[in-house]
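Listed below are the residues making up each chain.
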Amino acid sequence: MTDRRRNIMILLVVFGLIAASVAAIATKPTRLGLDLKGGVELVYQAKPTAQSKVNTESLERAINIMRSRVDKIGVSEPEIQRSGKDEIDVSLPGEHNIRHAEETVGTTAQLNFYDWETNVIGPSGKPEASNGAVTGDSTNGGAGGSTAGLTEYQAVLRASKRAPMLRGSDTTWTPGCTPEQKNDCIYGTWYLLDTANEKVIRGPEETEAAVYQDLQYEAKGECKAGASGCVPKNAKLKAVRVNPGTVVVQAHPVENESGKIVNPSPNSYYVLNDNPALKGSDITNPQQGFDEGAGGSGQPNVTFGFTGKGKGIFEKITREIAHRGQEAQLPGVTKNEALQHFAVELDGQLITVPSIDYTQYPEGIDASTGSQISGGFTISSAQNLANELQSGALPLRLKLISRSQVSATLGKTALEQGLVAGLIGFAVVCIFLLVFYRVLGLIAVGGLFIYGAYFFALIKLIPITLTLPGIAGLILTIGVCADANIVIFERVKEEIRNGRSVVSGIATGYKRGFAAIVDANVVTFMTAFILFALATAEVKGFAFTLGVGTLVSLFTAVLATQAALGAMGRSRFVTHPAALGAQPRRGQGWKFDFMGHSKWFFALSGTILLIGALAIGGKGLNFGIDFKSGTRIQTAFVHKVSESEVAKVVAEDGYPDAEVQKITNPNVGGSGYQISLKTLGPEKVRELQESLEKRFGDDENGAFGTKGFVPGTKNFSSTSIGPTFGKTVANSAVIAIIASLLVISVYIAWRFEWKYAVPVLIALMHDLLITTGVYALTGREVSAATVAALLTILGYSMYDTIIVFDRVRENVPRMPRAAFSQIVNRSMSEVLTRSLATSFCTLLPVLSLLIFGGETLQDFAFALLVGIASGAYSSIFIASPVLTHWKERESSYRNRR
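Helix length check: helix H13 (residues 502–534), at 33 residues, gives a terminal C-alpha distance of 46 Å against a target of 48 Å (1.5 Å per residue), a fit within 8%. Its maximal kink placed at Gly513, H13 deviates by approximately 40°. A side-chain oxygen of the first residue of H13 lies 3.2 Å from the backbone nitrogen of Ser504; this N-cap is Ser501.

Next up, the structure:
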């Protein structure tokens, strides 16, 4: 097959793929992430339970159950995936009730049924039910209950005095742990008690260290007196452990339709043997219904049936309870005093403790028609419970370590800014290519359009959920695609200037430039892969789009543009070198002794690094909440308010140390403020929002006029990150950077030789340290996106370095008698234009991100801007001189001086 026919065949394939891409773009929907659509993101850390360890199987089972729950609440296009070795990231675009999302998705839903009187623990440490009120109402007969409730402190103290219990073959529990049973006794729960005030400060936690972590003290002004988790001034702290076999449960609080608790009671805790008669796995077909039977209350409830095994156990247990009630009906004992109970517990809360009426059910309850759970439900809470039971219990305990809420308005604004930045970046790159490369530039622009069509089609077909970091990756790959063309085009122009014909120059240029293209793109792809594997979920979108874009750009640069240029090689458009910008130069090109002046470059870099080191040592880095944990709220106000007014409301809510800043972020709009404070739960965030709305709200017709109350905040969004998540982000960042350096070093040593890898590492560390120093000098916040930028810098610094080293490798056999410094100087003069052009072309879309992108994109672009500029400098003036000084020590080159 002739070259011309081969090129035409490739172009036909390219055009066929373009048609398929257009069809996919027109017919397939675009999946938007919550940062573009608005919604809720939750990150959970999985903890082991007595029934299951944290492994791939249990995590996948948990993800499937969570996905089933999300499907039931009607969230479109949710993202639930593993993030790290023990984390699960849940993104719910379009969901704006963060409390509802948290309760639905992350609830363990471990349902247990207890024979109450034989398992509730009294003061003696043994089952001894005493009279008193219990939560809930009747189920299948009876009302009320027995056994006095305790405060949480009293219940934990009572539970902590019991020895570890082990389940025997007959499903009973026995005290003690033998050496053989040691592993069965490691699962317990820790609580931190304030013995002076008889309060539980924190718990349950897995370890003793966890209950002491990041405490807030009233005496230091870190928290408001009486707030949950606040350590009082006169506190006496003591950590206690509740051993396996004993559980502390709380009476389920009754809520009204608005979610407010209507029956708060401090004496609502109980201690139980962990010996349930039935579990959630023994029931079938749970449904939300209403208590409409004879004498029913008409209140919402949950109905269900039983498995074959569950039916038999339920009938057996209720029969035993009924018989006990009959035996307790002695002279002087009223019927209510003799009634025995059957308790229903869900995730540490007693849903109901109904009595079994032995006069109505003398032989227990027939389970053939199923049963029901009732007791203080709203329609919403009953539906949630039914959904959780339908999905099944999570095999792991999930600890919420990060939560974010983005308003729909902010998401829409962020999407518009990202698209504007992308279009402008694309346009300026096209203009640069046309001006600098003429006909070649026209072909490159056509390649960019082909690249854009392929990439956007892949985004829809895979599908890739488009996020703000993903848009950044997409915009950045425009530079990647253009760089690949520039490397080839510069080589084509060079071959034509050296006397080859246009057709021969095109063929030779692609052949000789192919190695540099592959090396540079492989390094970029490896960096993206490492980032995707090790980074947090927020950055994964960027890494994925960068990796896919690199592969697509390699295809368009190596095949599509080569076929187009080859097919046009004999046409009148490219017969003259001037049409390709390859006319002979007036001068002799770059003439400079790069290696001879290396000491000045080293001195300049040393000065910059010293300034950066002093800034890091003196000012330090401004780590964001991604690393140090906390809650960040961004909101605008309906009316103009001052910084001091906002700070006063926040302080009155119990957060005097909160940092309040006026922001100019156009995403927020109006009078925008950012509030940074310690990590808050969704309830606390909602309370703070309500306080701000009441203080700065607008009611034109009186407190309760006909027009109603207009909230004072708009575009309210929040992000809360716990210390565990911050530590995970920091560890992932360090591991990802080290892994990238090692992989890049191995690849360079394999493709060149090991001595080439050391200058590369020195140049990369040079670029990372300069970027870090600039961040310290400017005080910009270091976030997870900064880590992504740093890793991208590694790839781009390598891009330029490989271009130089590839030419050095090519010139070594061509200059057998030259000193190594002469070889490097000639190589530098040959590729300097190419290096500068690729760096400039990459900086153009980055500048577009910096100028037109939103706040997140601007921070990311700033790091890239500094790093890419530093990378272009280091590849020429640091890596090459270091390599020269080292290689000239070899005997073969020492003799050539």
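Taken over all residues, the pLDDT of the chain has a mean of 79, while the share at 70 or more is 85%. Helix H5 (residues 152–160) holds the highest mean pLDDT among the elements of the chain, 92, whereas strand E6 (residues 173–175) holds the lowest, 51. Here residues 130–146 is a poorly scored stretch, pLDDT under 50, and it has 60 contacts once near neighbours within four places are set aside; other chains count. Low pLDDT (under 50) marks residues 701–709, which in the prediction has twelve contacts with non-local residues, meaning those over four places away or in another chain.

This part is about the sheet that holds strand E11 (residues 237–242). Within a beta sheet, neighbouring strands are joined by backbone hydrogen bonds and run either parallel or antiparallel to one another. Across the sheet, three strands lie side by side as E8-E7-E11; this open sheet has antiparallel pairing. What marks the edges here is a single partner per strand, and that holds for strand E8 (199–205) and E11. Adjacent strand axes in the sheet meet at a mean angle of 20°, parallel and antiparallel pairs treated alike. Relative to E8, strand E7 (residues 189–194) runs antiparallel, the two sharing four bridges. Looking at E8, one finds that Asp194 is bridged to Lys199. Relative to E11, H5 is tilted by about 60°, and along the sheet it contacts E7, E8 and E11.

Pairing is antiparallel in the open sheet, where three strands are placed in the order E15-E16-E20. The sheet terminates laterally at strand E15 (283–290) and strand E20 (371–373), the two strands that pair on one side only. Adjacent strand axes in the sheet meet at a mean angle of 30° when their direction is disregarded. Two elements, strand E16 (residues 300–306) and E20, share three bridges in a ladder whose sense is antiparallel. Paired with Val302 across the bridge in E20 is Ile373. Against the sheet, helix H9 (residues 379–391) makes contact with E15 and E16, and its axis sits at roughly 170° relative to E15, the strand it touches most.

The next point concerns the pairing of strand E13 (residues 269–273). Within E13, five of the five residues are buried, which leaves it mostly tucked inside the rest of the structure. Across the two faces of E13 the burial is the same, with Tyr269, Val271 and Asn273 and Tyr270 and Leu272 all buried. Direction of pairing for strand E12 (residues 246–251) relative to E13: antiparallel, over a ladder of five bridges. Counted as the bridge partner of Val248 is Val271 from E13.

Cis geometry marks the peptide bond from Gly203 to Pro204; its omega dihedral reads 0°. By the secondary structure assignment, Pro204 is in strand E8. The omega torsion of the bond from Ile462 to Pro463 falls at -15°, within 30 degrees of zero and hence cis. Residue Glu198 is not a glycine yet carries a positive backbone phi of 50°. Positionally, Glu198 belongs in the loop between E7 and E8. Positive phi, normally seen in glycine, also occurs at Asp347, with a value near 50°. Of note, Asp347 is situated in the loop between strand E17 (340–346) and strand E18 (349–352).

Once that is clear, we can look at the packing of aromatic side chains. Here the structure, examined in full by the defined rule, presents 26 aromatic pairs. Here the aromatic rings of Tyr775 and Phe862 are separated by 5.7 Å at their centres, their planes lie at 65°, and the arrangement is edge-to-face. With a gap of 87 residues between them, Tyr775 in helix H20 (residues 754–778) and Phe862 in helix H23 (residues 855–887) connect regions that are remote in the sequence. An identical accessibility class is assigned to Tyr775 and Phe862; each is buried. Members of the aromatic cluster, joined through ring pairs, are Phe113, Phe304, Phe306, Phe314 and Phe342. The positively charged end of Arg751 is found above the aromatic ring belonging to Trp750, 6.0 Å away from the centroid. Above the face of the Phe862 ring, Arg780 is positioned so that its terminal group lies 4.2 Å from the ring centre.

Turning our attention to a nonpolar patch on the surface. A cluster of nonpolar residues, Val420, Leu847, Ile851 and Phe852, forms a patch on the protein surface that exposes about 330 Å² of accessible area. Note on placement: Leu847 falls in helix H22 (residues 820–852).

A few words on the packing of helix H1 (residues 3–27) against helix H11 (residues 439–461). Packing of H1 against H11 brings their axes to within 8 Å, and their N-to-C directions diverge by 45°. In terms of axis orientation, H1 runs oblique to H11. Crossing angle aside, the handedness with which H1 passes H11 is left-handed. On H11, the residues touching Val14, Leu17, Ile18, Ser21, Ala24 and Ile25 of H1 are Ile450, Ala453, Tyr454, Phe456, Ala457, Lys460 and Leu461. A per-class count over the contact of H1 with H11 returns eleven nonpolar, one polar and one charged.

Turning our attention to the packing of helix H12 (residues 468–497) against H13. Packed helix pairs are characterised by how far apart their axes lie and by the angle those axes make with each other. Between H12 and H13, whose axes approach to 7 Å, the crossing angle comes to 140°. On the basis of the axis angle, H12 is oblique to H13. The way H12 lies across H13 gives a crossing that is right-handed. In this structure, H12 contributes Val480, Ala484, Val487, Ile488, Phe489, Arg491, Val492, Glu495 and Ile496 to the contact, and H13 contributes Val502, Gly505, Ile506, Thr508, Gly509, Tyr510, Arg512, Gly513, Phe514, Ala516, Ile517 and Asn521. Among the residues forming the contact of H12 with H13, the class breakdown is 13 nonpolar, five polar and three charged.

In this section: the side chain of Glu495. Within the secondary structure layout, Glu495 lies in helix H12. What Glu495 contacts, discounting residues up to four positions off in sequence, is Arg500, Gly505, Thr508, Gly509 and Arg512.

Parameters and conventions
Along each chain, the written sequence defines residue order, and numbers are assigned to residues from 1. Residues qualify for local features only when their pLDDT is at least 70, as the model is predicted, and side-chain atom pairs are given and counted only at 80 or more; totals for whole chains, interfaces and linings, by contrast, use all residues. To obtain the side-chain values, all non-hydrogen atoms of the structure were included, while hydrogens and water were left out. For the purposes of this entry, the term helix denotes a DSSP run of H or I that reaches at least four residues, the term strand denotes a run of E that reaches at least two, and both are numbered from the N terminus. Each helix should span, by expectation, one fewer than its residue count multiplied by 1.5 Å. To get the bend at a residue, fit one axis to the 7 residues ending there and another to the 7 starting there, then take the angle between the axes. Here a polar contact is recorded for every N or O atom pair within 3.5 Å, except that within protein the pair must consist of a potential hydrogen donor and a potential acceptor, and residues adjacent in sequence are included only if both atoms are side-chain atoms. The quantity known as pLDDT measures the predictor's confidence residue by residue, on a range of 0 to 100. In what follows, residue pairs with any heavy atoms lying within 4.5 Å of each other are defined as contacts. A pair of strands is treated as paired once DSSP finds two or more bridges between them. Fitted lines through C-alpha atoms serve as axes, helices being fitted only where they are in contact, and the angles separating the N-to-C directions of these axes extend from 0 to 180 degrees. Relative accessibility under 20% of the residue-type maximum defines a buried residue, over 50% an exposed one, and the middle range a partly exposed one, all with a 1.4 Å probe and only protein chains included. Pairs were defined over the aromatic rings of Phe, Tyr and Trp, the Trp ring being its six-membered one, requiring ring centres within 6.5 Å. Orientation was assigned from the angle between planes: stacked under 30 degrees, edge-to-face over 60, tilted for the rest. Each ring is checked for a lysine NZ or an arginine CZ that lies within 6 Å of its centre and within 35 degrees of its normal; such an atom marks a charge sitting over the ring. Surface patches are drawn from residues lacking salt bridges whose relative accessible area is over 30%; two like charges belong together within 9 Å, two nonpolar side chains (Val, Leu, Ile, Met, Phe, Trp, Tyr) within 5 Å. Here the open area of atoms and residues is found with the Shrake-Rupley method and a 1.4 Å probe, where only the protein chains shown may cover a residue. We define a salt bridge as a side-chain nitrogen of Lys or Arg found within 4 Å of a carboxyl oxygen belonging to Asp or Glu. Roughly parallel covers angles under 35 degrees, roughly antiparallel covers those over 145, roughly perpendicular covers 65 to 115, and oblique covers all other angles. Each helix crossing is assigned a hand: it is left-handed if the near helix lies turned anticlockwise from the far helix by less than a right angle, otherwise right-handed if that turn is clockwise. For this scheme, ten residues count as nonpolar: Ala, Val, Leu, Ile, Met, Phe, Trp, Tyr, Cys and Pro. Four count as charged, namely Asp, Glu, Lys and Arg, and the remainder, Gly too, count as polar.

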